[in-house]
Every structure is written in C-alpha cells, then in structure tokens.
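Understanding the architecture of this molecule
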Amino acid sequence: MLATLYAKALDADLPNPILGDRYAKEIVAHIDYDWTKTSITARNAAAVTVRTAHFDHWARQFLAVHSPAVVLHLGCGLDSRYFRLQPGPDVEWYDVDYPQVAELCSTLNPAVDHYHVIAASVTDPAWLTEVRGDRPTLMIGEGLTMYLSEQDGIALLRRMIDRFPSGELQFDAFNWLGIKSQWMNTVVRRSGSTLRWGIDEPDDILQAVPGTRLLAWVRWFESDAFERLPRAYQVLGRVMALVPAMANMSQYHRYAFGPGSVDGRPVLHPSPVSER
C-alpha cells in the first residue's frame, strides 16, 4: 500500500507525470515513514502509475455512460481515485479495505458527500449490506486479485454478479509465471506479502463466473499509457511480447455483467479488445 502511494507521490513531482496525483503527494507528507523501505524511486515509479492511469481511464469511460451509478473501489489502500476522478453527485463511491487502512483513509481524506469508506476485508460478504444495490455498479480491483486465493477471488466476483443489476468488473492480474516469480518482485518481497492467485487468460474468469462478458483484455505493454513509460520499460515490454507466458505476466481485465439495458435505456460499452 505504501509503495504504490509513494510511487504516485514521486510521479507528481516529475516534469511530465503520468498520473499527476497531488493528493498522493499531500498524503505522503502527513505520514512519518522511511520511504526508502518501499524500494520505490523516481526511476521505477512509472511501473505503478501507468497501471493506475489505465484504470482511471476505464473508470471514466464507465461513468460517462452510467448515471446514476455505484463504484466499489476494493482494496483501495490510500489511493485517491475518487478525488482524482471527481465523479458527480449521482455516483455513490465506496472505498473498501481492512479496518486499519479504512481508518487512515477517513483520517487523511476529506469527508465529502457520496464518498464512503467501509472497514472490512473485501472477501467478507457482510460489507455488501452497506452498499446500495439498485444502480449499475463498477467494481475496481487494482493490485488486488493476486493477493487473494482463487477460491476467495472467484467467490468475490460471483457476489458482484449476484448483488447488483448490471455493471462492470475491472481488475488487473498476474498469470502463473507472475505468481511463481514473485520472489523477483522487490516491493512484494520487502513487504512480506505472498501472491497466490494466477489468472492466465479471460476464459479463466468467463468459465468460473457465469454471467460475465469480456469487454477488454490488455497486457501491460498494450496499454494506451505504455508509450509514456521510460525507454527501458518499453524495450522490456517488446521483449516480453515475444514469449506468451512472459507477455501475459501482467494483464488488465474488463468484464460486463447484467442485461443489455437498464430501465429501457441501452447500456453502452466500448468495443472488446481481444488478445493480440
């Protein structure tokens, strides 16, 4: 959580930031911590911010065609996505994370209408009773799925389908190679975390979560923001693209669920992006 936060704060000070998140910079200034422990520097911060920028873009697309709506930002950490996107008053936004994280969110972020913080594990079904279930709903799980067990992750996605009338599931994932090679991930290793759930392709989700429809599946080097990464990352992405297992190590997933209309009005979705 602190590593991704610090990456966004460092990005905000760059001459040409990818995210430009001044909220992250303000939060970092209020936390007494040795940020060198995160292993994040101005040189590698882009690996975090390019992913966040991608999901900001997808969230904006969803909100542009769904009003009113509900947004569930799961495993939110100290990300300021609500304040970056500034959704309108017809959007009820819920940040969900462990109680200690939720307390920090409530302390460090301003209290505003239509923004809610829920203190709970995302795998606990009970917190859903706090969320209104009568609107198209967007679930965002950035940097989340790989920390869940497959059983808990599938159960979570199925609850989204069962609880809400329609909407989208947006999340990133690592494949089996990404999980196996986690010892190479300095941020994960230093935090003492363990990665568990590997998703190799969209069929893993489509078969396990009935009612989902694939909208987009994008490898990290296919993201619109990829060209904004430093040259070293661009070279790495082109090399990884040559080996399927490496190409799919980090992926962005986007699925729709529910009927094709709400209250007689069409629900618009972008054209699917298939495997390249």
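Residues numbered from 1 in each chain as written. Predicted model: local features only at pLDDT ≥ 70, side-chain atom pairs only at ≥ 80, totals over all residues. Heavy atoms only, no water.

Let us look at the sheet that holds strand β5 (residues 167-174). Strands sit in the order β3-β2-β1-β4-β5-β7-β6 across an open sheet of seven strands; the sheet is mixed. Unpaired on one side and paired on the other, β3 (115-119) and β6 (212-219) mark the two borders of the sheet. Neighbour to neighbour, the strand axes of the sheet diverge by 15° on average, direction disregarded. Sheet topology places strand β2 (residues 91-97) next to β3; five bridges connect them, and they run parallel. (Pairing = 2+ DSSP bridges. Helix = DSSP H or I, 4+ residues; strand = E, 2+ residues; numbered from the N terminus. Axes fitted to C-alpha atoms, helices over the stretch in contact; angles between N-to-C directions.)

A separate point is helix α10 (residues 231-240). Of all the positions in α10, only Tyr-233, Gln-234, Gly-237 and Met-240 are classed as buried. Buried residues of α10, seen end-on, are gathered within an arc of 130° and therefore sit on one face of the element. Among the exposed residues of α10, those pointing more than 90 degrees away from its buried face are Arg-231 and Ala-232. In this structure, the buried side of α10 is in contact with α3 (46-65) and α11 (244-247). (Buried < 20%, exposed > 50% of the residue type's maximum accessible area, 1.4 Å probe, protein only. Arc of directions from axis to C-beta. Contact = heavy atoms within 4.5 Å.)

The subject of this paragraph is the environment of Leu-206. Secondary-structure assignment places Leu-206 in helix α9 (residues 202-208). The partly exposed category is assigned to Leu-206, whose relative accessible area is 27%. Along the backbone, Leu-206 and Ala-12 are 194 residues apart, and their C-alpha atoms lie at a distance of 37 Å. Every residue in contact with Leu-206, bar those within four places of it in the chain, is listed here: Thr-212, Arg-213, Leu-214 and Tyr-255.

What follows deals with the pattern of salt bridges. Evaluated as defined, the whole model comprises 14 salt bridges. A salt bridge links Arg-22 to Glu-26; its shortest N-O distance comes to 3.4 Å. With Arg-22 and Glu-26 both in helix α2 (residues 22-29) and four residues apart, the pair spans about one turn of that helix. Its relative accessible area of 40% is what places Glu-26 among the partly exposed residues. Among the ionic pairs, Glu-168 bridges to Arg-254, the shortest N-O distance being 2.7 Å. Taken together, the residues span a long stretch of sequence, with Glu-168 in strand β5 and Arg-254 in strand β7 (residues 250-257) at a distance of 86 residues. Judged by its relative accessible area of 1%, Arg-254 falls in the buried class. (Salt bridge = Lys/Arg side-chain N within 4 Å of Asp/Glu carboxyl O.)

For the rest of this paragraph, the subject is the pairing of β2. Among the seven residues that make up β2, seven are buried, leaving the element largely enclosed by the rest of the structure. As defined by bridge partners, strand β1 (residues 69-74) adjoins β2 across six bridges and the pair is classed as parallel. If you follow His-73 over to β2, its bridge partner there is Asp-95. Between β2 and its parallel partner β3, the chain crosses via helix α5 (residues 99-108), and the hand of that crossover is right-handed. (Right-handed = clockwise from strand over helix to strand, strands pointing away.)

Another aspect to go through is the confidence of the model for the protein chain. Summarising the model, the protein chain shows a mean pLDDT of 90, and 94% of its residues fall at 70 or more. Confidence over residues 261-276 falls short of pLDDT 50; this stretch has 31 contacts with residues more than four positions distant or in other chains. (pLDDT = per-residue confidence, 0-100.)

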